[in-house]
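# Fold and geometry: a report
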Amino acid sequence: MSSDATTATTPTALDAVEQEPVAHGLGSSLPPTDARAKTEGTFPYAADLWAEGLLWAAILRSPHPHARILSIDTTAAADMPGVRAVVTHADVPGEATYGRTVADRPVFAAELVRHHGEAIAAVAADHPDTARLAAAAITVEYEVLEPVTDPEKAFAAEPLHPDGNLIRHIPLRYGEAEATGEVVVEGLYRIGRQDTAPIGAEAGLAVPRPDGGVEIYTASTDPHTDRDLAAACFGLSPDQVKVVVTGVPGATGDREDPGFHIPLGLLALRTGCPVKLTATREESFLGHAHRHPTLLRYRHHADAEGRLVKVEAQILLDAGAYADASAESLAAAVAFACGPYVVPHAFIEGWAVRTNNPPSGHVRGEGAMQVCAAYEAQMDKLAAKLGVDPAEIRLRNVLATGDILPTGQTVTCPAPAAELLAAVRDFPLPSLPMDTPEEDWLLPGGPEGAGEPGAVRRGVGYALGMVHMLGAEGADEVSTATVRVQDGVATVICSAVDTGSGFSTLARQIVQETLGLEEVHVASVDTDQPPAGPATHGRHTWVSGGAVERAAKMVRTQLLQPLAHKFGMSTELLQITDGKITSYDGVLSTTVTEAMDGKELWATAQCRPHPTEPLDESGQGDAFVGLAFCAIRAVVDVDIELGAIRVVEMAVAQDVGRILNPAQLATRIEAGVTQGIGAALTENLRTARGLVRHPDLTGYALPTSLDAPDIRIVKLVEERDVVAPFGAKPASAAPVVTAPAAVASAVRAATGRPVNRLPIRPQAAVGVPNS
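Below is a summary of the structure that appears in this document. Remember, it's a predicted structure, so these values are computed and weren't measured experimentally.

For the rest of this paragraph, the subject is the state of the cysteines. If you walk through the whole model with that rule in mind, you get 0 disulfides. Between C630, a free cysteine, and C372, which holds the nearest cysteine sulfur, the sulfur-to-sulfur gap is 8.9 Å. According to the relative accessible area criterion, C630 is buried, its value standing at 0%.

If you want it as C-alpha cells, here you go:
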C-alpha cells in the first residue's frame, strides 16, 4: 500500500484501495466467517442459549432514583409455586460490591438506592412469567430521598456514597496563565446522555459445576475481568468461575455489565440448576452504562490572524451513581480539551462527580466526543468573529507530528490532520435540489414532511477529531495468543472478543499472510485461555493482533528452520505463498503439509506496547500510546420554520495507519459516522428528577437507514505508526467523536444561530434560545 490517499466518489468506494484483489491475507476484503449465519438468523446469541433443567431469572429494580431501603420482604415471592430461589444483598456470600476501576457498585442495594433501576433482588423460577411475577411480589419499603441530579450541585450536596461525590478532579496547567489574545470567544455547551442501545439486549446463562463453581455464558467484552469480579462476589476463587463468550450482537461500549450476570451466578449456585436471564429493553436501558452527560465552559484566546494563544475550559462529567470508567473518561476529556490544534497555553479544569442519574461508562470515544463538540463550536465562533472561512481557521492551527499536546506529551505518531481537513474541504459538494429537478427534493421532515422548500437552508460545517488508542495512564495493555498448525490447518486461540470490530477476521488474515495457509479457524473465547483484555479503544487490532502475528511468526520459524538448515540457507531466504514453500533461487519447492510431515506446530506469544504514565497533579504526562485523527465535512438541510434537520452528506477523511481489510474498514467508518449522527440529532436518554423517561426504542430515537446520509470516504491516509503492529490504527471511535461536531457546525452555517447542545433541539434551528 502506498501512503497516498484514495479518493472515493461513492459512499463505500473503499474497494478502490485494493489495486490487485487477493483471496486472503492482510489487505484483502476477507468476509467474516459468521456473516451468512447472522444474515440468515441462525447465528447463536446469548438469548438463544438453553440447558436441561433450565430456570428463568428476573430482577427487581428500584422505581426511585434515591431512597433509603427500610425493609425487604421476599416471603410472598418465595412462596409462589414454581419459584426456586430469591436472593437479596443478604445472600451475597463474597464481596458485596464490584467495579472495574472502583468497587463501589453493590450487587444488590442494601441500605440505599442510588439510581432508577438499581437491582434490589433476583428470582429464579421454572417459567419466565413466574419469575417476573415473583419479582413484582417482593415488598420493599422505601423512604424516598431527594435525588441529586444536577452535577453542579453534587459538589455541595450530601455524600451519595461513602467515597463522596467527587470521583476525580484533573487541573491541567500548560504554559503561562497570564497569556491573552487579541480575540476572545466564549461558550457554554451541554452534551446529552447517549445510550449504546445494543441490537440484542443483555442475556446470559449460568450453569453450576460439580466442584461448587459456576460457568457463565454471556456476551462479555472483557471476560477475564468479569470472571474475577463475579468470583469475588460469589466468594469463590477465579479458577472456580468460567466465563464463556457467546455470540456478541454488536458493541459500542461495555457490552455486558456484571450487574446482569452476577445475579445469574448467585441463583445458579443457590438452586444447583442452570439459570437464564434475558433482559427486557427497559431493563437494558436502566441497567447498563451510558455516555457521560457533560457540561463544558470554554474561552478561546487568539491573535488577529486567528492563531490560538490560550484555551481555558471547565469540564464536568456526570458519572451517575457509580464511578465505573469516569476517571478514564475524564482524563481523555481534559487531555483532548483543545482538540488537534497547537495551543501554547492551556488551563483546563475537569471533574467527574456522582449523582442519582443513571450510571455512565464506556461508550465509543468517551470524553473525546464531548470536548470535540465544544472546541469545534469555539473554532466556528472564532472564524465568524474574524470573518475567516471555518476550514481555514482550523488549518491555521492544526497540529502535526512533533507538536506537543497540552499534557506535555510529544505527538510522535503520524498526525496528518491538515491533510485530512484539506481533503474534505476540497471534495465536491453535493448538488443542490434545484440543480437536479428530476429528483425528489427530500425535505428535512422526510418525503412526506410538512415543510416547504422555501424554508429550507443548506449548511456546510467542518470538524476535526482525535482519539487515543489502547488504554491510558499506565494501563497494562497486554494480550496473549496461540497459533497451532496441523494437517495444513491453522487454529488461533486468543481471548480477544470480536464485538463486531472484525478481530476474528483479522486474526485469520494475519495467519494467512504469515504462514500462507488458507484454512484458518479462530477458537471460541472463554476464561480458560490467557487474558487478552477488554474490547475497547481498538486495542485488539493492536495488542491481540500483534500477539497473533508474533505467534504465527514463531510457528513460521519452526516450520522453515529444518528446511533452511538442510539446504544451507537462512529462513529469510524462504517464502510461503498459497501453501507452498519456495526458496529465492527456486532450488527448494515444497508444500507446507509436506514440510510438516504430520507434525503439530504451535507457539504462544504476547504483545505489550510501550508503557504510559498517569497524568500528574498539573495534568502533565505521557498518558497515551498513540493517537488517531478524523476530519468530516457535513452538509445539512434545515427547515428554519419547523426546526427539522436532514443530514445530506458526510465527507470523511481518516488517519487509518494501514488498511488491513478494505470492506471491513468502510463498514466501521460508516457505522461510526451514523452513531455520531444519532448523538447529534436524536439520541438522548432523558430523565426527569433522576427517573428515566421512555426507556424503550420508541422513546429513545436511534437513527435508521432513512436517517443515514450519503457517507463519502474521501481520503484514507496510510501513514503507518512504526510502534504499532501492522501500523494500523482503530477505525470506529474517531468518526463517532467527529461526526456530532460536524453536524452541529453545518447547522450553525445553515441558520446563523448558535448550537450549544447535543442532541440539537428543533428550537436551536428556529431561533428559540437553548436553555
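Picking up where we left off.
By the alternation rule, side chains of strand β23 (residues 580-583) split into I581 and S583, which are all buried, and K580 and T582, of which none is buried. Sheet analysis places strand β22 (residues 574-577) next to β23, joined by 4 bridges and oriented antiparallel. Residue I576 lies in a different strand from β23, and its bridge partner there is I581. Where β22 folds back on β23, the antiparallel hairpin that results is connected by 2 residues, among which D578 adopts a positive phi of roughly 50°. Here 3 bridges tie β23 to strand β24 (residues 589-591), and the two strands are oriented antiparallel to one another. Directly across from T582, in β24, lies its bridge partner S589. The turn joining β23 and β24, which pair antiparallel and follow one another in sequence, is formed by 5 residues; a positive phi near 80° is taken by G586.

A few words now on the sheet that holds strand β2 (residues 67-73). Overall, antiparallel pairing links the 3 strands, which are arranged β6-β2-β8 in an open sheet. Each end of this open sheet is capped by a strand with a single partner; those strands are β6 (112-113) and β8 (139-144). As judged from the 6 bridges shared by β2 and β8, these two strands associate in the antiparallel manner. In the strand pairing of β8, S71 is matched with E141.

The next thing to look at is the sheet that holds strand β20 (residues 489-494). The strand order across the open sheet built from 4 strands is β21-β20-β19-β25, with neighbouring strands paired in mixed fashion. Each edge of the sheet is formed by a strand with only one pairing partner; in this case those strands are β21 (520-522) and β25 (601-607). Within the sheet, the average angular offset between the axes of one strand and its neighbour, ignoring direction, is 20°. When strand β19 (residues 479-486) meets β20, the two strands line up antiparallel, connected through 6 bridges. If you follow R484 over to β20, its bridge partner there is T491. Helix-sheet contacts for helix α11 (residues 503-515) involve β19, β20 and β21, and the interaxial angle to β21 is about 145°. On top of the sheet, helix α12 (residues 539-566) reaches β19, β20 and β25; it is set at about 145° to β25, its chief contact.

This brings us to the packing of aromatic side chains. Using the criterion set out here, one finds 6 aromatic pairs in the structure. Note on F43 and Y45: the rings are 4.9 Å apart at their centroids and 65° apart in plane angle, and the pair reads as edge-to-face. F43 gets classed as buried once you look at its relative accessible area, which sits at 17%. You can call Y45 partly exposed: its relative accessible area is 25%. Note that R484 overlies the ring of W602, its terminal NZ or CZ placed 5.5 Å from the centroid.

Membership of the largest hydrophobic core comes to 110 residues, with the highest contact counts inside it found for Y298 and V743. Listed in part, the 47 residues of the second largest apolar core include A532, A551, A564 and M596.

Further remarks concern empty space enclosed by the protein. Throughout the structure, instances matching the rule amount to 8 cavities of 30 Å³ or more. Computed from the structure, the largest cavity encloses a volume of approximately 690 Å³. Surrounding the largest cavity, 39 residues form its lining, S501, G538, R668, A731 and S732 being those nearest its centre. Counting residues per element, the ones that place at least two in the lining of the largest cavity are β18 (456-472), α11, α12 and α14 (662-681). Here the residues of the lining of the largest cavity sort into 17 nonpolar, 16 polar and 6 charged.

Right, let's get into the side chain of H468. Looking at the element boundaries, H468 is found in strand β18. With a relative accessible area of 7%, H468 lands in the buried category. Residues within four places of H468 in sequence aside, it is in contact with E328, A332, F336, H537, F624, G626 and L627.

What follows is about the packing of helix α4 (residues 223-234) against helix α5 (residues 258-271). One way to put it is that α4 packs onto α5 with a least axis distance of 10 Å and a crossing angle of 45°. Comparing the axis directions of α4 and α5 gives the class oblique. For the pair α4 and α5, the crossing hand works out as right-handed. When α4 is examined against α5, the residues D226, L229, A230, C233 and F234 are found in contact with a partner set consisting of P258, H261, I262, G265, L266 and L269. Within the contact of α4 with α5, the residues separate by chemical class into 8 nonpolar, 2 polar and 1 charged.

Conventions adopted
Residues numbered from 1 in each chain as written. Predicted model: local features only at pLDDT ≥ 70, side-chain atom pairs only at ≥ 80, totals over all residues. Heavy atoms only, no water. Disulfide = S-S within 2.5 Å. Buried < 20%, exposed > 50% of the residue type's maximum accessible area, 1.4 Å probe, protein only. Helix = DSSP H or I, 4+ residues; strand = E, 2+ residues; numbered from the N terminus. Pairing = 2+ DSSP bridges. Axes fitted to C-alpha atoms, helices over the stretch in contact; angles between N-to-C directions. Contact = heavy atoms within 4.5 Å. Phe/Tyr/Trp six-rings, centres within 6.5 Å; stacked < 30°, edge-to-face > 60°. Lys NZ or Arg CZ within 6 Å of the ring centre and 35° of its normal. Core = buried A, V, L, I, M, F, W, Y, C linked by side-chain atoms within 4.5 Å. 1 Å grid on protein atoms, 1.4 Å probe; cavity = no way out; pocket = protein on both sides within 12 Å on 5 of 7 lines; lining within 4 Å. Points joined across faces, edges and corners; volume = space filled by probe spheres on them. Nonpolar A, V, L, I, M, F, W, Y, C, P; charged D, E, K, R; others polar. Parallel < 35°, antiparallel > 145°, perpendicular 65-115°, else oblique. Left-handed = near helix turned anticlockwise from the far one by under 90°.

Function cannot be read off these values alone, since they describe shape.
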